[in-house]
Amino acid sequence: MTARWLTPGLIILSLIALFAACLLGSTPMPADRVLAALLGGADASDRLVVWAIRLPRALAAFLVGAALGLSGAALQGLLRNPLAEPGVLGVSATSSLAATFSIYYGLVALNPWVLPMAAIFGALVATALLALAAVRTRSVVTLILIGVGLSSFAGAAMSLLMNLAPNPFSLADMVNWMLGSVANRSFDEILLTVPFLFAGSAILLLTRRGLSALTLGEEAADGVGLNLRNQRIFTVLGAGLATGASVALAGAIGFVGIVAPHLVRPLVGHDPARSLIPSALLAGLILVIADIGVRIIPTSSELKLGVVAALIGAPVFVWIAMQRRTVHD
Amino acid sequence: MTELVAEHLTVTAKDTVLVADASLRLARGELVILLGPNGAGKTSLLRACLGLTRPSSGHATLAGEDTVRLNPMQRARSMAYLPQIRQLAWPNIVRDVVALGRFSHGAALGRLRGEDAAIVDRAIQDCDLAHLANRQADTLSGGELVRMHCARVFATQAPLLIADEPIAALDPRHQFRILDLISGFVKNGGGALVVLHDIGLAARYASRLIWMQNGRIVADGPPAETLTQERIETVYDVSAKVDGLRVELDGPR
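Figured I'd write up the structure that's included with this text. Bear in mind that the values here come from a model prediction, so they are computed numbers and not experimental data. (Residues numbered from 1 in each chain as written. Chains lettered and ligands numbered in written order. Predicted model: local features only at pLDDT ≥ 70, side-chain atom pairs only at ≥ 80, totals over all residues.)

## Comments concerning the overall build of chain B
From N to C terminus, chain B includes nine helices and twelve strands. Expected size for 253 residues packed as a compact globule is a radius of gyration near 18 Å; at 18 Å, chain B falls within 12% of this value. Its C-alpha atoms put chain B at 55 × 40 × 35 Å along the principal axes. Across chain B, contacts joining residues at least 24 apart in sequence account for 63% of those joining residues at least 6 apart. (Helix = DSSP H or I, 4+ residues; strand = E, 2+ residues; numbered from the N terminus. Rg over C-alpha atoms; globule rule 2.2 N^0.38 Å. Contact = placed C-beta atoms within 7 Å.)

Here it is as C-alpha cells:
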C-alpha cells in the first residue's frame, strides 16, 4: 500500500534532506565532520557552521514548507478546490505586508514578539475575509479572484512602503519579506515563531476529520453531522496561525502549498483529511531541497527561496488549473 | 411509535414564505412520500424538520426534543439526511464516501475501527456496491452514484431517513432499485420521509402521501385516500386520470 509508506517515507527523506543541507554549501563539509558537529564533537568552527548557520536555515526551510503545505491542504479541503493556497489567496502577501509595516514603523524594536504577531494578524485578517467570502459566493473562481485582489492590494501597499522607505537598509529588508528567504535564520528566530506554527498546525490536525465530510458539499456535510461553522472557524484560525508564523520566519513563499497537496492527494484516495500530514512533510522536503539549490547555485548574489519556489510552483499551478474540468462551477 | 413531529412549521426567507403552517409526523416503519411541484417548499420543509433551518414559527421535535437544538452529531445519528445529489469535491474512493456515513459516530476515513468497518461493508453489500468499492466516485454512473449515497446514509444506522429527490435523473430500473432499497430500510424498522416527483412510483411505494402546494400541506394520508384526479390537477396543474393507484398524466391543464 502506497498510503502506509507515504508518511514514514517522507519523514526519512526529510531527515536525509536536512542532513544533506548541513553537508552542502559554499564550502562542502564531509559527512563525518557534520555528524561530529551535530553530536557536539568536532572543532569549534565546524560546530559554528552547522549549528549556527546551516542547520537553523535548513530547519527554517522545513518548518516554513510544512506550515504552508499543511495550510494549503487544509484550505483546499475547506474550500473544496485544489487551487486554494495561502500564497494564491493573498494570505501570505497580506501577512508579509503586516510584518513589513511593523518593521517600518519600528514596532519590532518594542518587543521581539511583535513581528510574528503582526504577520499572524495579517494572515488571520486575510483568511477570515476569504472564509466570509466563501460563505457568500460558493463560486471558487470568485474566491480566487478575491485572493488575487488581496495579493495585488498588499503588493501595492508594500510598494508604497518601499517608496517611503527611509534608508536602503529597510528597503533590502522589505525585499526579503516580499520574495521570501530563510538565509541567516537563527534558532532564536525559529523559537519565536514555532509556538504559533505548532498551535496552528495542531488546530488543523485536530479538526481535519471535518474536511473529509466537506467532500460531500456543505448541505450533505451538515447531514452527516459536521458543525460547519466551527469547521470554518478552526480551519481559518489554524491556517492563519501557521501561515502567519511561516511568513514571520521567511516572508512570503508561494505555491509549495499547492504543489505538495496536489502530489499527495492521489496517494491518499483524495481524502483531504489524510492528505494533511504527508502534504506538510512533502512541502517541507521541497523547500529544504530548493534552499540547498539556492545555496549551491553559483550566482553573484544569492537567489531568494521564494523566487525559486515560484519559478517551479507557478507553472505547476497553471497546469493544475488547466487540467480542471469546468463542471464544478 | 412516532419519532419526528413537526407542528405548524413556518419558514420564511427575507419576505418570502417558503413553508406555511406545515405539520407532519414520521414514525418508524412508515415510508412517507412528499409530493408537490417545484418551488412548493418541499426542501425547505425537510430542512426545517431536520432542524437545519430555524423556522420562523412552529417547531419540529424528535422524541420530544426540538430538532433545532440538537447538536450536529446527535442529529446525524438520529436522522440520516440525503440531500439532492451533488457532485463530490474530490474523486474519492467509493468505500471512503460510504464511510462518511459513520462520521457522526466518530469514524475517521482510512482508519475505521472494527465495528465501523463491518457496518460500512454491510451497507456496501446491501446496495450492491462490492465490485465498485475501490473505484473512484467520479467514474460511477448516475445510478451507481445514488446507490453509493444510499449506502452512506444506511451506514449511519439512524432510525430515520430523510431523502430529497433521490431518484431524480435515474433510469426506470434504477428508480425501482433505489426505492426498493429505501423500502427495505423501512421494512427493517426505519422511518423514511422522501421527496419524489413521480406520482405513480410514490403511490406504489408510500405508506402515506403528503401533498404540498405553495408552501402548504394540502393533504396527508394513505395513497388510496389522497390520490385523486382532482388533487393531482390542483396541486400540479396538469390533467390526469387515476385508476386505483395507477396514474396517467395527460398534459398541462
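Let us keep going from here.
## Quick notes on unusual backbone geometry
Where the residue is not glycine, phi is negative for most of them; where a peptide bond is considered, it is trans in most cases. Of note, the phi angle at R80 of chain A is positive, near 55°, even though the residue is not glycine. With respect to the helices and strands, R80 of chain A occurs in the loop between helix 3 (44-79) and helix 4 (91-104). Positive phi values are uncommon outside glycine, yet H8 of chain B reaches one of about 50°.

## Structural notes on the interface of chain A and chain B
Accessible area lost upon the coming together of the parts is a frequently used measure of interface size. Of the residues lining the interface, 24 residues belong to chain A; the matching set on chain B comes to 24 residues. Residue assignment for the side of chain A that touches chain B shows that the elements contributing at least two residues are helix 9 (209-214), helix 10 (218-223) and helix 13 (272-296) of chain A. Of the residues that constitute the side of chain A that touches chain B, the class distribution is nine nonpolar, nine polar and six charged. (Nonpolar A, V, L, I, M, F, W, Y, C, P; charged D, E, K, R; others polar.)

## Here's the deal with the packing of helix 3 of chain A against helix 13 of chain A
Residue and element names in this part refer to chain A. Two elements in contact, helix 3 and helix 13, have axes whose closest approach is 6 Å; the angle formed by their N-to-C orientations is 145°. Our pair here, helix 3 against helix 13, has a crossing hand that is right-handed. Along the lines of polarity and charge, the residues of the contact of helix 3 with helix 13 split into 19 nonpolar, eight polar and two charged. (Axes fitted to C-alpha atoms, helices over the stretch in contact; angles between N-to-C directions. Left-handed = near helix turned anticlockwise from the far one by under 90°.)

## Considering the nonpolar core
Judged by nonpolar contacts, the single largest core of 188 residues is most densely connected at V64 and L287 of chain A together with I33 and L161 of chain B. Here this core takes 17 residues from helix 3 of chain A, the largest share from any one element. The residues contacting I33 of chain B, other than those within four sequence positions of it, are V194, L196, A202, Y205, A206 and L209 of chain B. (Core = buried A, V, L, I, M, F, W, Y, C linked by C-beta atoms within 7 Å. Buried ≥ 20, exposed ≤ 12 C-beta atoms within 10 Å, placed from the backbone.)

## Re the sheet that holds strand 9 (residues 208-213) of chain B
Residues and elements named next belong to chain B. Strand order in the open sheet formed by six strands is 6-7-8-3-9-10, with mixed pairing between adjacent strands. Strands at the two margins of the open sheet, each flanked by one partner only, are strand 6 (79-82) and strand 10 (216-221). For this sheet, the mean angle separating the axes of adjacent strands, direction not counted, is 15°. Pairing of strand 3 (residues 31-35) with strand 9, which is carried by four bridges, proceeds in the parallel orientation. Within strand 9, the residue paired with L34 across the bridge is I210. (Pairing = 2+ DSSP bridges.)

## Considering the environment of F196 of chain A
Residues and elements named next belong to chain A. Among the secondary structure elements, F196 is positioned in helix 8 (residues 187-206). Each C-alpha atom of the pair F196 and H262 lies 25 Å from the other, and the pair is 66 residues apart in sequence. Apart from residues lying up to four places away in sequence, F196 is in contact with P116, I120, L241, G244 and A245.

## Looking at the pairing of strand 12 (residues 246-252) of chain B
Residues and elements named next belong to chain B. In this structure, strand 11 (residues 238-243) lies alongside strand 12, joined through six bridges in antiparallel fashion. By the bridge assignment for strand 12, V238 is matched with P252. Between the antiparallel neighbours strand 11 and strand 12 lie two residues, among them G244 with a positive phi of about 65°.

## A few points about helix 6 (residues 172-187) of chain B
Residue and element names in this part refer to chain B. If you check helix 6, its first and last C-alpha atoms are 22 Å apart, about what 16 residues at 1.5 Å a residue would give, namely 22 Å. Turning to helix 6, the residues buried within the fold contact strand 3, helix 5 (142-155), strand 7 (160-164), strand 8 (191-195) and helix 7 (199-205). Where helix 6 terminates, the next one or two residues include G189, which has phi positive at roughly 105°. (Expected span 1.5 Å × (residues − 1).)

## Some details on the environment of I182 of chain B
Residues and elements named next belong to chain B. By the element assignment, I182 lies in helix 6. A count of 24 C-beta atoms within 10 Å places I182 in the buried class. Note: C-alpha distance between I182 and L145 (37 residues apart in sequence) is 15 Å. Discounting residues that sit within four places of it in the chain, I182 has contacts with L31, L161, A163, A192 and V194.

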